Each structure stands twice: as C-alpha cells, then as structure tokens.
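# Geometric and topological summary
Here's the letter readout for the chains.
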Amino acid sequence: MAQAVEAIKHTFLDTKKVRDLQRDTVDAVKTSTGMTTDHGTAVLDTDNWLKATDGKSGPGPSLLEDEQARQKIMRFDHERIPERVVHARGAGAHGHFKLHKAIPEFSYAGVLNDTSRTTPIFIRFSTVQGSRGSADTVRDVRGFAVKFYTDEGNWDIVGNNIPVFFIQDAIKFPDIIHAVKPEPQNEIPTGQSAHPSFYDFISLTPESMHMLMWVMSDRAIPRSYRTMQGFGVNTFTLVNKDGERFFVKFHFDPELGVHSLVWDEALKLSGQDPDFHRRDLEAAIRNGAFPRWTFAIQVIPEAQEHDFEFDILDATKIWPEELVPKIPIGEIVLDRMPDEYFPETEQVAFCTSHIVPGVGFSDDPLLQGRNFSYFDTQLSRLGVNWQELPINRPICPVMNFHRDGQMRHRITKGPNYWPNRFGTVPPQADAFKTQGFIQDYPQKIHGVKQRLRSIKFNEHFNQAQLFYNSLSKWEKQHLIDALSFEMNKFDEGDIVDKMIDRLAQIDMELATQVASNAGGTAPKSGKENHGKMSKFLSQTAFPPAKPTIKSRKIAILVGDGFDLAAYEGLKAALLSGMAVIMTVGNRKSRVTSSSGKAISPDLHFEGDRSTGYDAVVIPGGKHVEALSKNGRVIHWIREAFGHCKAIGAFGEAVDLLKVALPLQQLQFAEDNSSDAVVCSYGVVTARAYSFPSALADLTIGEGEKGFVANFSYHVAQHRCYERELDGLVSLVAF
Ligand code: HEM
C-alpha cells in the first residue's frame, strides 16, 4: 500500500550517538567514487560475467577467474545471518532520554541524576513468536527494548508492552518458546499462539495464567508502537551514595495514550499491510510527530521486600500502583529513523546484563537467566565482537584486555594483560571508592544450594483475577472473544477442558462463556473471585494527556462532484491539528470537484481499506449520489463503523452515512439550515458547516462549536466501543 504522507520539515537532536554513527556512515548518493570491489579496485562491468569466446560464435562458458563476478555472488550468498531466536521481527528508531527529576535518594547513576544531560537512545519494538517476515498486527506480546547510550556505558532495558511474563524461572524459557512457536512437525502457524501446543503448555503451567489474561486482552493487538506502554518487567535494584538499596521496576507511558486495534481489523491488516506498525512508526517520525513516553519508576526499599502478599521478585506479578505508586522521572522521545535497517535495527543487540553503576540486579530468577541468555545468543547471532558494531558500541571510552575473535575491529597498542609493568588500564575500584560509590553491593545471601522457588511464587491467580476484574466491560468481552477465537483453532477437547478449568480459577463467568464458545465442558466449580480491582490496569486508564488528533490517520473520501471548498477547509483544519490526512478517491488520477477544479487523490477506494485509518470523513457535494451506489465506499464506512472508529460527514454527505448505516439507534443531522453538530455513537454529522479561520487554534471538544471540533474529539477518543456494547456492530456487515 503506498502511503504518501504530508511532509513536515523536522529535525532530530544531534546527540553523541548520532555523531558516533556518522563515523561509519557513507552516503551512496553523495559519493564521488565510482563502483569498486570490496578490496577497492574499480569495477568496470557489473552485468556480464567474463566469458570464454572464440570471437565468432558468441560467448562460451563463464570463467571462474572472474574475481569481480565471484565476489558479487559470494557476498550475496552470505548476506543472511540467523534471525533472533525470539523477537525476530522488529522495527527500530533513534531518540533521546531527558531526565526531569534527579533521584539521588535512590541511585547514584549519572543518567538518573544529571538533568542537564541528553542521553541518546535506540529502541527496537518487536513481536515475539513470528519469524522476520511475519505480520506486524498478530496477537502477541510486543518487545520494547531500549538502549541508553549513557556517559557511563550502555544501559539496556529489555522490556515488553505487558508488565508480567509467562514463567517465573528462566530455565523454563525454552519450553514456553517451543510451545508458542509454530508446531514442530509443520512450522504452522506463523506469528500466532492459536494452536494446541501453546494451550497444552499453559494449561499445565498455572503461573502463565496472569500473563495469558494480558495476552488475550487488547494489549496484544496495539494500534501502534506509539500507543503502547513499555515495562522493564523484571525487578532491578538501585543503589544510592549511602549504600542503601531499593528494588525498582521501570515503566514507559505513551503520550498518545494506550490504544489498540480491534481483532477483525488486526486480522485483515495482517494481509492488507503486514508492515502496518513499522510503517506507522516511520510515518510519525518523518512527519515530525515524534513518539514520546514518560519514563517512570516504582521503588520499594530493601527492608520492605517481604511486606507484600506476593513476592516482589516474581515476574508473573505486577506491583499494583495502589501499593507502590509510579514516580515519573523523565521522558524518552524518538526522532530519527535508522539510515539502514540491517546494520542498525537487525544488528542492535540488547542484554539485560547491561546496566550502569548505580543500577543493579535482583534475585528475580527470570532476570538471572536472562542475564546469561542475551549475551550468549548474540555470540551465535552476531559473533564475539558484536559490541564493537557501530549501533552497539558505547559513546564513552571502552578499554580492557579482551582481544581477538572473529571480526575484531579495533587495533589496540600496548599490553594485553593485567597487571602489566606500565600499570596501564587498571580496574577502577579505587576511583569508585574515592567518589563514595560501591560497585558490587554487599548483598546478604542464603547459604544452601537447592532447586526451589520462593513459597509466595506458588500463588498464581490473585493477580489474574485483579487484571480481569479491572477491565472495562468491552475489554472483558474482547478477552473472552480472543480466547474463544484461539481455542476454536484446534480440536483437542481435553486441552480445551483443561484450559476451562484454569480459567475457572480466575472467573466462573469468563470460563463459562469461553467453554460455550470454544466447545468445552462448562466448569462446575472454580476459585472464588476476590472481586478486587485496580485503577491502573484497564487501557481506559491511559487516555492521551489531552484530546489530540496529532499523527492520527484520517481518510477523506471523495468522488467526482465533491465540494472543493468544503474539502479544502476540512483538510486544512485537520492538518492544523497535525493529523495525517489521506485523500481517497474513486481513482488516483484527477477527480473533479463541483466547481470544475480537479485534485489527485493519494489513493483509490479499491486499493486501500478503512483498516489503515483511525477515522473516515466525507465532505459534502454532488459526489454523494455516486458514492451511495458504490459498494466499496459503503464497505469503507461500514467497516470503519464495525471497528468502532470515528466517522464524520457534513452537507450532502450525511445522506451517504444514512445509506451506509441504516440503524435506528443512530442519529444524524437533519436540518439543512442549521450548523448544529450531531454526535451519535462516534458518528459526527452536520448539515450546514464552516471551518475555523484561525487554524492554529484548532479547538477539540465535544459540544464545542463546529463540525471539526466535535469530529476531532471523537478521533481523539480512539474508538467508540459503546457501539459494541449496545449491539450496533453486530447489525452491520463488514
Ligand atoms: C521478563 C521477561 C522477558 C522480556 C521482557 C523479554 C524481552 C525481550 C525483548 C524485548 C527482546 C528483543 C530484543 C531486541 O529487540 O533485539 C528479547 C529477545 C530475546 N530474549 Fe527475551 N524477554 C524475556 C524473557 C526472556 C528469557 C527468560 C530468556 C531466556 C532465558 C530470553 C531470551 C531472549 C533471547 C535469546 C532473545 C533474542 C536476543 C537477540 O538475538 O538479540 N528472554 N527478549
């Protein structure tokens, strides 16, 4: 799908990492050099292999001696490297971190204390299950991995968009991943957990049930990487100058609020635009709508480790914000796309073991295993010198006696061992001490070796219940629908029944509905639901800071005879709110307005679908007559309605909506002489209309004067799920 975007000039921050990468960046377009081999000699012909010929009857065999041809083929033969064993599909972007609030009381880390710094970052978002070529919008956890290039070394927070994990101990990671990846006998299904192996495993692994609730919720089908929360998941520690230690969890909250696709839309997008999320990220950054997240921490002093009914080192548990409030301390911003995917996004390598002084690990058994796994996997994916790659190397000096190995880049003069007679490159313990810091926190440990888990790790359902109870009505229904969809995909009834029994330990109503939908046996008994709720778990708890249409994608539908003044006024008003506007017409070549002037739409109805947009709007004009008889246009409107998106129409176009959505419950503007705006289930209509003259002051709000103010408000609300709750969606075919 072509996605022309309105180009708005923007600049990225020129950070130390941006400058560092320039050392290894060349611009093929600007170079004055002609083509050369890898060893620098001139290439004369890149189209014809050197052939033996008698000079009369044409070319004979290709000659092995042709070094240039051999090099070209051999280089190509070895272009691929192993994809990541998990999180293979991803998209990355550069940006920076600004600390707003220093936290010396918790940590002496420079990056968490110096508010004057701009710390460069690189983020890679990913799906977990699918291979590199799988679709973006599958139901899956999303990776949210952040590399901070701090002045004290690289710090990686390798998180997800879900705050808990499937398993408690890293030793089970290969099992859960084997179970969720495609079935071993046929490599089916790609990018999906809807298969018996996954449900077999989790029905036998009750610690997975909390995470399962999150994965079956709308969190696992985000609208955009830009509308996801990020969570460090594991428990880390912070140490302050006085040697006091704190447990910490890391959070990223999106400026745009948390917003998801609906399942039918996600399924369709997997085919219509498998690159939906990476395209969205790139479009936003190139348009200057830089994605932003607040960086926040939750902190528990070491002495309070055992004060909770759950174990704070258990990665299948959250720290409810009612008990441990989040402290916002800074902001991350993404403002630059990579110049080349492979050397940056593919070769970036994150390690949970990459922390900076002032940040430490905890005994979280999942984290401890991760600290081994990431470093280890980079060895086979990238080789032993992977930390020298431009995207991975720190911006601060690196100096040690690690040497050699494949693809060693750096040349170091002098000794390669310690101690040496020059006293060169000493360990920095003394320097640390004189600054009053401790590098290795003297943590007390138990004295017996056993394969065991903490007793509190045995409780698996309280927080699964808390999450389920905290969802809005529509979120609960989506979760039930998701489980019903997934378990519809296989016939192993015993697995379904085992799952129903597990679900009954969360909520009887949930289990009963899924059993009915997925053909399982209705549960007879379960665990009592404690009924507790948290205010911070539903997506509805994370609206945008203020209503905005910034970076939202809006389609304006037009056909021959559209009202040009109305179209131009509408477009200008929406652009002033920094929305991304695409005009979709009955063809891409010139569509003529009622005044005779023509425009060239960005796309045409057949070549695009409503799924790629946040909202659809139709200006008035005579085009309405033809559009009302165009099945594809009717489908555009019905599909946007079914996916609960804001829909707007004004002037004659209100009649088009009445044809497309003939539902008694919907109200439309009727009085041709009035500019009153009618908002009904996120469908916004007005007969008479005018547009704001001072476009810089686009007002957004329900009940404000004017069509655009009200339409924009409903776009800003993301979706109108009341349509589902009141049964309107099921009345429309889409
Ligand atoms: C808290 C639970 C976990 C979270 C939040 C998490 C998150 C992530 C993320 C975001 C990535 C992708 C990094 C990138 O974009 O390059 C990743 C990759 C990976 N994870 Fe995890 N993971 C978790 C648990 C584990 C565990 C328990 C293991 C193994 C013991 C593990 C092993 C791996 C491996 C091997 C990769 C591929 C890394 C690469 O090739 O660069 N993960 N994980």
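For the structure, see preceding data.
Residues numbered from 1 in each chain as written. Predicted model: local features only at pLDDT ≥ 70, side-chain atom pairs only at ≥ 80, totals over all residues. Heavy atoms only, no water.

## Structural notes on the pattern of salt bridges
Taken as a whole and assessed by the stated rule, the structure comprises 44 salt bridges. For the salt bridge of Lys-268 with Glu-639, the shortest nitrogen-to-oxygen distance reads 2.8 Å. Of the two residues, Lys-268 is situated in helix H6 (residues 263-272) and Glu-639 in helix H17 (residues 631-642); the sequence distance between them amounts to 371 residues. Note on Glu-639: relative accessible area 1%, which makes it buried. Because the salt bridges share partners, they merge into one network encompassing Lys-16, Asp-114, Arg-117, Asp-151 and Glu-152. (Salt bridge = Lys/Arg side-chain N within 4 Å of Asp/Glu carboxyl O. Helix = DSSP H or I, 4+ residues; strand = E, 2+ residues; numbered from the N terminus. Buried < 20%, exposed > 50% of the residue type's maximum accessible area, 1.4 Å probe, protein only.)

## Remarks on the site of the ligand
Around the ligand lies a shell of 23 residues, among which Arg-84, Arg-124, Arg-370, Tyr-374 and Arg-381 are the nearest. Measuring from an oxygen atom of the ligand, one finds a side-chain N or O atom of Arg-381 at 2.8 Å. When contributions to the shell around the ligand are tallied by element, the ones reaching two or more residues are strand S5 (142-150), strand S6 (153-160) and helix H9 (365-382). A per-element tally of the shell around the ligand places H9 first, with 7 residues. When grouped by side-chain class, the residues that make up the shell around the ligand number 11 nonpolar, 8 polar and 4 charged. (Near = heavy atom within 4 Å. Polar contact = N/O pair within 3.5 Å; in protein donor to acceptor, adjacent residues only side chain to side chain. Nonpolar A, V, L, I, M, F, W, Y, C, P; charged D, E, K, R; others polar.)

## With respect to the environment of Ile-318
Residue position: Ile-318 is located in the loop between strand S10 (292-301) and strand S11 (327-336). In this structure the C-alpha to C-alpha distance between Ile-318 and Pro-163, which are 155 residues apart in sequence, comes to 6.5 Å. Discounting chain neighbours no more than four positions away, the residues touching Ile-318 are Pro-163, Val-164, His-210, Phe-310, Gln-463, Leu-466 and Leu-537. (Contact = heavy atoms within 4.5 Å.)

## A word on the layout of surface pockets
By volume, the second largest pocket amounts to about 1300 Å³. Around the second largest pocket, the lining comprises 28 residues; the ones closest to its centre are Leu-313, Asp-363, His-446, Leu-452 and Ser-454. Among the elements of the structure, strand S9 (245-254) and H9 are those that each provide at least two residues to the lining of the second largest pocket. Among the elements that make up the lining of the second largest pocket, the one with the highest residue count is H9 (3 residues). Here the residues of the lining of the second largest pocket are counted per class, giving 10 nonpolar, 8 polar and 10 charged. (1 Å grid on protein atoms, 1.4 Å probe; cavity = no way out; pocket = protein on both sides within 12 Å on 5 of 7 lines; lining within 4 Å. Points joined across faces, edges and corners; volume = space filled by probe spheres on them.)

## Some details on the packing of helix H13 (residues 493-504) against helix H14 (residues 508-518)
The geometry of H13 relative to H14 is characterised by a closest axis approach of 7 Å and an angle of 160° between their N-to-C directions. As judged from the angle between their axes, H13 and H14 are roughly antiparallel. Handedness of the H13/H14 crossing: right-handed. The residues of H14 that touch H13, namely those facing Val-496, Ile-500, Leu-503 and Ala-504, are Met-508, Leu-510, Ala-511, Val-514, Ala-515 and Ala-518. (Axes fitted to C-alpha atoms, helices over the stretch in contact; angles between N-to-C directions. Parallel < 35°, antiparallel > 145°, perpendicular 65-115°, else oblique. Left-handed = near helix turned anticlockwise from the far one by under 90°.)

## Focus on the packing of helix H12 (residues 473-487) against H14
At a minimum axis separation of 9 Å, H12 and H14 run at an interaxial angle of 40°. The orientation of H12 relative to H14 falls into the category oblique. Relative to H14, the crossing made by H12 is right-handed. Where H12 abuts H14, its residues Gln-477, Leu-479, Ile-480, Leu-483, Ser-484 and Met-487 lie against Leu-510, Gln-513, Val-514, Asn-517 and Ala-518. Tallied by class, residues from the contact of H12 with H14 come to 7 nonpolar, 4 polar and no charged.

Note that all results are geometric; they support no functional claim without further evidence.
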